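# Reading the structure
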Amino acid sequence: VQLVESGGGSVQAGGSLSLSCVASGYSFTVYGMAWFRQAPGKDREFVASIKWNGRSINYAESVKGRFTVSRDNAKNTVYLQMNSLEPVDTAVYYCARGRDGSSWQKSAYEEYDYWGQGTQVTVSS
C-alpha cells in the first residue's frame, strides 16, 4: 500500500490550494479515505473523510464551508480543495486509508491504517 500526496505549498491568507493523494497497492474503491493535518507542536488533527463511493463526507468544524474533499475512483485519487485559507491552516497534510468500512465516519487517527508521507501547507498573513 502506498499513498502519495502532492500539491502543498505556500499561499497568502485568503488563497487556495488543492491537494491530491494517489493510492496504489490495494483496491482503492473498497476503502474510505481521510485527510489529517499536523501543525508544529500539536497533535494530528482530522480534517475530512469520504466514503468509498464518494457519496458521504465528513468535515471538521474548523474547515466546513472552506474545504472540499472528493475522490476519483478511476484515478485512485482523493483530493482536498482548500479555499479561504487562514494562517491556522498551516500544517503538514496527510491522506490516510480507513481501516475498515466504517472508519470514514470517524475522526480518530487509529481508525486509519496507512498514511502518506505528508505535504506542507503554509499560509502567511
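Computed from a prediction, not measured in an experiment: that's the story for all the values here.

## Re the sheet that holds strand β8 (residues 77–82)
Within the open sheet, the four strands sit side by side as β1-β3-β8-β7. Their pairing is antiparallel. Across the chains shown, the open sheet's two edge strands, defined by having one partner strand only, are β1 (2–6) and β7 (67–72). Strand-to-strand, the axes of this sheet are offset by a mean angle of 15°, without reference to chain direction. Note that strand β3 (residues 17–24) and β8 share six bridges and pair antiparallel. Of the residues in β8, the one forming a bridge with Leu17 is Met82.

## Things to note about the pairing of β8
Sheet topology note: the β7/β8 ladder contains six bridges and is antiparallel. Looking across to β8, one finds that Ser70 is bridged to Tyr79.

## So, the packing of aromatic side chains
Enumeration according to the criterion identifies six aromatic pairs in this entry. Ring centres of Tyr26 and Phe28 lie 6.4 Å apart, and the angle between their planes is 55°; this geometry places the pair in the tilted category. Across the pair, Phe28 and Tyr26 agree in class, each one buried. Connected via pairs of aromatic rings, a cluster forms that spans Phe36, Phe46, Tyr94, Tyr112 and Trp115. Here Arg97 stacks its cationic end above the ring of Tyr31, 3.9 Å away from the centre of that ring.

## Some words on the pattern of salt bridges
This model, assessed by the stated rule, comprises seven salt bridges. A salt bridge links Glu45 to Arg37, with the shortest nitrogen-to-oxygen separation between them at 2.8 Å. Given a relative accessible area of 5%, Arg37 falls into the buried group. Ionic pairing is found between Asp89 and Arg37, a salt bridge with its closest N-O pair at 2.9 Å. Residue Asp89 is found in the loop between β8 and β9 (91–98), and its partner Arg37 is found in strand β4 (residues 33–38); the two are separated by 52 residues along the sequence. By sharing partners, the salt bridges in this structure join Arg37, Glu45, Arg66, Glu86 and Asp89 into a single network.

## Some thoughts on the pairing of β9
In regular strands, side chains alternate between the two faces of the sheet. Burial within β9 is extensive, with seven of its eight residues counted as buried. Relative to β9, β4 runs antiparallel, the two being bridged by six bridges. Along β9, the bridge assignment pairs Ala34 with Ala96. Pairing of β9 with strand β10 (residues 112–115), which is carried by three bridges, proceeds in the antiparallel orientation. Considered in β10, the bridge of Ala96 is made with Trp115.

## Digging into the nonpolar core
Counting residues in each nonpolar core, the largest one holds 31 residues, and the members touching the most others are Trp35, Val78, Leu80, Met82 and Tyr93. Elements represented by at least two residues in this core include exactly β3, β4, β5 (45–50), β7, β8, β9 and β11 (119–124). Contacts of Val78, omitting those with residues within four sequence positions, involve Leu19, Ser20, Cys21, Phe28, Met33, Trp35, Ile50, Val69, Ser70, Arg71 and Cys95.

The rules we used
Residues numbered from 1 in each chain as written. Predicted model: local features only at pLDDT ≥ 70, side-chain atom pairs only at ≥ 80, totals over all residues. Heavy atoms only, no water. Pairing = 2+ DSSP bridges. Helix = DSSP H or I, 4+ residues; strand = E, 2+ residues; numbered from the N terminus. Axes fitted to C-alpha atoms, helices over the stretch in contact; angles between N-to-C directions. Phe/Tyr/Trp six-rings, centres within 6.5 Å; stacked < 30°, edge-to-face > 60°. Buried < 20%, exposed > 50% of the residue type's maximum accessible area, 1.4 Å probe, protein only. Lys NZ or Arg CZ within 6 Å of the ring centre and 35° of its normal. Salt bridge = Lys/Arg side-chain N within 4 Å of Asp/Glu carboxyl O. Core = buried A, V, L, I, M, F, W, Y, C linked by side-chain atoms within 4.5 Å. Contact = heavy atoms within 4.5 Å.

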